[in-house]
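Take a look at the letters that make up each chain.
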Amino acid sequence: MRFIDTHCHLDGEEFREDLDAVVTRAREAGAGAIGVPGIDVKSCDTVLEVCRRYSGYCFPMLGLHPEEVRADWADSLAAIAPAAREAIAIGEVGLDFYWSREFEQEQLLAFEEQVRWSVELQLPLMIHCRKAQNEMVAILKRYREDLPGGVFHCFTGNALEAKELLQFDRFVLGIGGVLTFKKSHLPEVLPEVVPLNRIVLETDAPYMAPVPMRGQRNEPAFVAFVLRRLAEAYGVSEEEVAERTNANCEKILNIIV
């Protein structure tokens, strides 16, 4: 059984010392492919370096993360744009008003510009959204008919929020370690309103390690724990979850295992 980690920051400093071992463990655990998102100008180089090192196994996504948006956002996007054509998706992009709204207008402008990239290049979006769903949805609606699709990364919302996102037909929800947390409501929310053909798996490693690995550095091998908990929540086999989520990855991200 093989499955896909659609969102893993393998280019981060956290993996610099043992990257080969991390990838080996991922393969041994059943991870058949890994999506590697960028967050800023510098990560264009580091993401592409990792994906060339593990060509055919790691796949690059490039964009400007909302927490990296500053007054010079337009210059950053101008620097990222040429490399984005080498990616399988535009990401990690989006809106994040959780910590601060200091650069709210800049975030809105940067996100919409990258949504336009998605339309122009017909590349899916890898979207990060925190405390900004209304603003994000408003922007996406302007391009609904032309967007090729994408992933709402790290979905942790309620049933109403899930339904609102599922109105975008060519998008899926990225489900990661939060699903396994003791206080998570996702095991109840997801089967109620989200069919398995609208879900992909992710780790967001090195962050948010799933139970029973909480407190450790997350890594792509741990996506197996997310898959297992998702199978329990939906009352199906792990093989079915792998098969369905892999099919979603092929359809949305063109990653095939």
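A brief structural summary. (Residues numbered from 1 in each chain as written. Predicted model: local features only at pLDDT ≥ 70, side-chain atom pairs only at ≥ 80, totals over all residues. Heavy atoms only, no water.)

### Describing the overall build of the chain
Right, on to step 1. Scanning the chain from terminus to terminus reveals 9 helices and 8 strands.
Right, on to step 2. Here the chain has a C-alpha radius of gyration of 17 Å; the compact-globule value for 257 residues is 18 Å, and the two agree.
Right, on to step 3. For the C-alpha atoms alone, the extent of the chain along its principal axes is close to 45 × 40 × 30 Å.
Right, on to step 4. For the chain, with 257 residues in total, the buried portion stands at 58%.
Right, on to step 5. A sequence separation of at least 24 residues applies to 75% of the contacts in the chain between residues at least 6 apart.
Right, on to step 6. As displayed, the chain offers around 11,400 Å² of accessible surface, 47% of which is attributable to carbon and sulfur atoms.
Right, on to step 7. On the chain, the mean spot of the 27 positive side-chain charges and the mean spot of the 41 negative ones are 4 Å from each other. (Helix = DSSP H or I, 4+ residues; strand = E, 2+ residues; numbered from the N terminus. Rg over C-alpha atoms; globule rule 2.2 N^0.38 Å. Buried < 20%, exposed > 50% of the residue type's maximum accessible area, 1.4 Å probe, protein only. Contact = heavy atoms within 4.5 Å. Areas by Shrake-Rupley, 256 points an atom, 1.4 Å probe, with all protein chains shown as cover. Lys, Arg positive; Asp, Glu negative; His and termini not counted. Charge placed at Lys NZ, Arg CZ, Asp CG, Glu CD.)

### Brief notes about the nonpolar core
Right, on to step 1. Among the nonpolar cores identified, the biggest contains 78 residues, and Leu-10 and Leu-140 are the most heavily contacted of them.
Right, on to step 2. Among the elements that line this core, the one with the most residues is helix H8 (residues 223–234), at 7 residues.
Right, on to step 3. With near-sequence residues (within four places) excluded, Leu-10 lies in contact with Phe-15, Leu-19, Val-22, Val-23, Ile-34, Val-36, Val-50, Cys-58 and Pro-220.
Right, on to step 4. Ranked by size, the runner-up nonpolar core spans 14 residues in total, among them Met-126, Val-200, Cys-249 and Ile-252. (Core = buried A, V, L, I, M, F, W, Y, C linked by side-chain atoms within 4.5 Å.)

### Brief notes about the side chain of Glu-202
Right, on to step 1. Within the element layout of this structure, Glu-202 appears in the loop between strand S8 (199–201) and H8.
Right, on to step 2. There is no salt bridge for the buried Glu-202, and the closest opposite charge comes from Arg-130, which lies 12 Å off by N-O distance.
Right, on to step 3. A polar side-chain atom of Glu-202 sits 2.9 Å from a polar atom in the side chain of His-153.
Right, on to step 4. Glu-202 has contacts with Asp-5, Thr-6, His-7, His-153, Cys-154, Gly-174, Ile-175, Gly-176, Gly-177, Val-223 and Val-226, leaving out every residue within four places of it along the chain. (Salt bridge = Lys/Arg side-chain N within 4 Å of Asp/Glu carboxyl O. Polar contact = N/O pair within 3.5 Å; in protein donor to acceptor, adjacent residues only side chain to side chain.)

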